[in-house]
Amino acid sequence: AFKALLEKMGFYNIKFKLLLVNTPSVVHFGLPSVENEYIFILSAPFIRSLDLTKVDIALLLLEDFLRLQNRDFINNLKIDKTFFGKYFLEAKLNKKYVNETIEAYTKNIFEIGFTFHQQFEVTKKMGSLLKSDPALWGAYFRLINKIDRFIKNDFLYKDYLKIYPSPELQIQWLSPKKKVI
């Protein structure tokens, strides 16, 4: 479903790996890999708790894909990025750099997440991409509402707001503007 959605939105030749984890700690997240290849992490308990459909999951992955396209994750890393994409077969691997990178990834995934501005940009881009298909746009809007209600009531997902700021604001950003005549 996700590959079909990517192609429907005009993203072709995208390779991805999906890692389904049995933990509520990481709800959904996209990680960069080599060019035109991505790694997506999805929480099985989150999917089951929200009773997400294939379309819902594809929309969450599309949102993560757009964050990766914007380089939000890479830009949020506070480390030396000159080693990214380097080949270490002949060169000596710098263990200090690897440890710093792992620490930065962990901090970014579990504590820092994304800014309101980054969330706004992704939400607006999702809205404009999905406007051409009212069924998909409606599914995305319902998904954000479902997530908003769910994280307010389930203590297990209290950290969701640290990673992905305010689904309430996403709903406002996506909602059609009311015109007063």
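About the cut-offs
- Residues numbered from 1 in each chain as written.
- Predicted model: local features only at pLDDT ≥ 70, side-chain atom pairs only at ≥ 80, totals over all residues.
- Heavy atoms only, no water.
- Helix = DSSP H or I, 4+ residues; strand = E, 2+ residues; numbered from the N terminus.
- Buried < 20%, exposed > 50% of the residue type's maximum accessible area, 1.4 Å probe, protein only.
- Contact = heavy atoms within 4.5 Å.
- Axes fitted to C-alpha atoms, helices over the stretch in contact; angles between N-to-C directions.
- Parallel < 35°, antiparallel > 145°, perpendicular 65-115°, else oblique.
- Salt bridge = Lys/Arg side-chain N within 4 Å of Asp/Glu carboxyl O.
- Core = buried A, V, L, I, M, F, W, Y, C linked by side-chain atoms within 4.5 Å.
- Nonpolar A, V, L, I, M, F, W, Y, C, P; charged D, E, K, R; others polar.
- Phe/Tyr/Trp six-rings, centres within 6.5 Å; stacked < 30°, edge-to-face > 60°.
- Lys NZ or Arg CZ within 6 Å of the ring centre and 35° of its normal.

S.K.: Can you explain the environment of Pro 45? Please cite residues and give values.
M.R.: Looking at the secondary structure, you find Pro 45 in helix H2 (residues 44–50). For Pro 45, a relative accessible area of 14% corresponds to the buried category. It is 15 Å that separates the C-alpha atoms of Pro 45 and Leu 60, two residues lying 15 residues apart in sequence. Ignoring any residue separated from it by four or fewer positions in sequence, one finds Pro 45 in contact with Val 21, Asn 22, Thr 23, Pro 24 and Tyr 157.

S.K.: Describe unusual backbone geometry, naming the residues involved and giving the relevant values.
M.R.: One non-glycine residue, Asn 36, lies in positive phi territory at about 60°. Position of Asn 36 relative to the elements: it lies in the loop between strand E2 (28–32) and strand E3 (37–43). A positive phi angle is found at Arg 71, which is not glycine, with a value near 65°. Inspection of the secondary structure puts Arg 71 in the loop between helix H3 (54–69) and helix H4 (72–76).

S.K.: Tell me about the packing of H3 against helix H7 (residues 134–153), and name the residues and values.
M.R.: For the pair H3 and H7, interaxial distance at closest approach is 10 Å and the crossing angle is 85°. If you check the angle between H3 and H7, you find them roughly perpendicular. Each of Val 55, Asp 56, Leu 59, Leu 60 and Glu 63 in H3 lies in contact with H7, whose residues at this interface are Leu 136, Ala 139, Tyr 140, Leu 143, Ile 144, Lys 146 and Ile 147.

S.K.: Give me the pattern of salt bridges: which residues, what numbers.
M.R.: Pairing between side chains of opposite charge can happen when their charged atoms approach one another. Taken as a whole and judged by the stated rule, the model has nine salt bridges. With a shortest N-O distance of 2.4 Å, Lys 8 and Asp 133 are connected by a salt bridge. With Lys 8 in helix H1 (residues 2–8) and Asp 133 in the loop between helix H6 (116–130) and H7, this pair connects stretches of sequence that are 125 residues apart. The exposure class of Lys 8 is exposed, given its relative accessible area of 53%. Lys 17 is paired through a salt bridge with Glu 37; the nearest N and O atoms lie 3.2 Å apart.

S.K.: Describe in detail the nonpolar core, supporting the description with residues and values.
M.R.: Core analysis: the biggest nonpolar cluster contains 55 residues, and Phe 29, Phe 46, Leu 59, Leu 62, Phe 65 and Leu 130 have the highest contact counts within it. For this core, the leading source of residues is H7, giving 10 residues. When residues no more than four places from it in sequence are discounted, the contact partners of Phe 65 are Phe 2, Leu 6, Phe 11, Ile 14, Tyr 38 and Phe 40.

S.K.: With reference to specific residues and values, describe the packing of H6 against H7.
M.R.: Here H6 crosses H7 at 150°, and the two axes come no closer than 8 Å. In terms of orientation, H6 lies roughly antiparallel with respect to H7. Side by side, H6 and H7 meet where Thr 123, Met 126, Gly 127 and Leu 130 of the first sit next to Pro 134, Leu 136, Trp 137 and Tyr 140 of the second. When grouped by side-chain class, the residues that make up the contact of H6 with H7 number six nonpolar, two polar and no charged.

S.K.: Describe in detail the packing of aromatic side chains, supporting the description with residues and values.
M.R.: Tallying each qualifying case throughout the model produces 18 aromatic pairs. Both rings, one in Tyr 38 and one in Phe 65, keep their centres 5.3 Å apart while their planes meet at 85°; by these two values the pair is edge-to-face. In this pair, Tyr 38 sits in strand E3 while Phe 65 sits in helix H3, placing the two residues 27 residues apart along the sequence. Relative accessible area serves as the criterion here: at 9%, Tyr 38 is assigned to the buried category. Residue class for Phe 65 comes out buried when judged on its relative accessible area of 0%. Directly above the aromatic system of Phe 114 lies the positively charged group of Arg 67, at a separation of 5.0 Å from the ring centroid.

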